[in-house]
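Spelled out from the first residue to the last, the chains are:
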Amino acid sequence: MLYAVLFEDDPAKADERRRHMPAHLAFLEREADRIRAAGPLLDGEAGAGGLWLVEADTESTVRRLVEADPFWPTGLRRSVRILAWRQVFSDGRRLG
């Protein structure tokens with residue numbers, strides 16, 4: 001099952017993002033078999049959070065993955081929403 005993970009970041013913790021970015025990117029590379037896509041959400045030029053698309057069997061598996069990210073213990077993430085996602089459209093056409 002695919003899950004969309006929406007992160008809202010604490011703007012007061014922007015330094016944490018810069019400091020831990022190399023470890024965060026290495027984590028994403030190690031988990032590439034489960035984290036299908038990831039990237040920042042922007043509010044103008046400023047970072048506002050992030051979005052992941054994750055392949056997993058359960059929401060609890062996704063939560064464990066989120067909590068294993070080097071960003072997690074820094075307090076950077078103000079909130080996290082994990083939502084099951086069913087893709088119905090891609091590359092200009094309907095799916096199944």
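Everything discussed here concerns the structure shown above.
Being a predicted model, the structure only gives us computed values, none of them experimental.

### Side note on a nonpolar patch on the surface
Nonpolar side chains collect at one region of the surface, where Leu-6, Leu-41, Leu-51 and Leu-83 lie side by side and expose about 250 Å² of accessible area between them. As for its placement among the helices and strands, Leu-6 is situated in strand E1 (residues 2–9). Residue classification places Leu-6 among the partly exposed residues on the basis of a relative accessible area of 31%.

### Section: helix H1 (residues 14–30)
Here H1 is 17 residues long and its end C-alpha atoms lie 24 Å apart, about the 24 Å a rise of 1.5 Å per residue gives. The axis of H1 is deflected most strongly, by about 60°, at His-20, and proline Pro-22 appears within four residues downstream. Here H1 has its buried residues at Glu-16, Arg-17, His-24, Phe-27 and Leu-28. Contacts made by the buried residues of H1 are with E1, strand E2 (35–43), strand E3 (46–55), helix H2 (59–68) and strand E4 (77–85).

### Things to note about the pairing of E1
Burial of E1 is extensive: 6 of the 8 residues sit out of reach of the surface. Here E1 pairs with E3 via 7 bridges, running antiparallel. The partner of Val-5 across the bridge, within E3, is Trp-52. Taken together, the 8 bridges between E1 and E4 define a ladder with antiparallel strand orientation. Of the residues in E4, the one forming a bridge with Leu-2 is Trp-85.

### Brief notes about the packing of aromatic side chains
Enumeration according to the criterion identifies 2 aromatic pairs in this entry. When the centroid spacing of 4.9 Å and the interplanar angle of 70° are considered together, the rings of Phe-7 and Trp-52 count as edge-to-face. Within this pair, whereas Phe-7 is found in strand E1, its partner Trp-52 is found in strand E3, the two being separated by 45 residues in sequence. The burial state of Phe-7 is the same as that of Trp-52; both residues are buried. For the pair Phe-27 and Trp-52, a centre-to-centre distance of 6.3 Å together with 35° between the ring planes defines the contact as tilted. One end of the pair, Phe-27, is in helix H1; the other, Trp-52, is in strand E3, with 25 residues separating them in the sequence. The class for Trp-52 is buried, based on a relative accessible area of 2%. Ring pairs connect the aromatic residues Phe-7, Phe-27 and Trp-52, which therefore count as one cluster. The ring of Phe-7 has Arg-77 sitting right over it, with the charged end atom 3.9 Å from the ring centre.

Parameters and conventions
- Residues numbered from 1 in each chain as written.
- Predicted model: local features only at pLDDT ≥ 70, side-chain atom pairs only at ≥ 80, totals over all residues.
- Heavy atoms only, no water.
- Patch = residues over 30% accessible without salt bridge, like charges linked within 9 Å, V, L, I, M, F, W, Y side chains within 5 Å.
- Areas by Shrake-Rupley, 256 points an atom, 1.4 Å probe, with all protein chains shown as cover.
- Salt bridge = Lys/Arg side-chain N within 4 Å of Asp/Glu carboxyl O.
- Helix = DSSP H or I, 4+ residues; strand = E, 2+ residues; numbered from the N terminus.
- Buried < 20%, exposed > 50% of the residue type's maximum accessible area, 1.4 Å probe, protein only.
- Expected span 1.5 Å × (residues − 1).
- Bend = angle between axes of the 7 residues up to and from the residue.
- Contact = heavy atoms within 4.5 Å.
- Pairing = 2+ DSSP bridges.
- Phe/Tyr/Trp six-rings, centres within 6.5 Å; stacked < 30°, edge-to-face > 60°.
- Lys NZ or Arg CZ within 6 Å of the ring centre and 35° of its normal.

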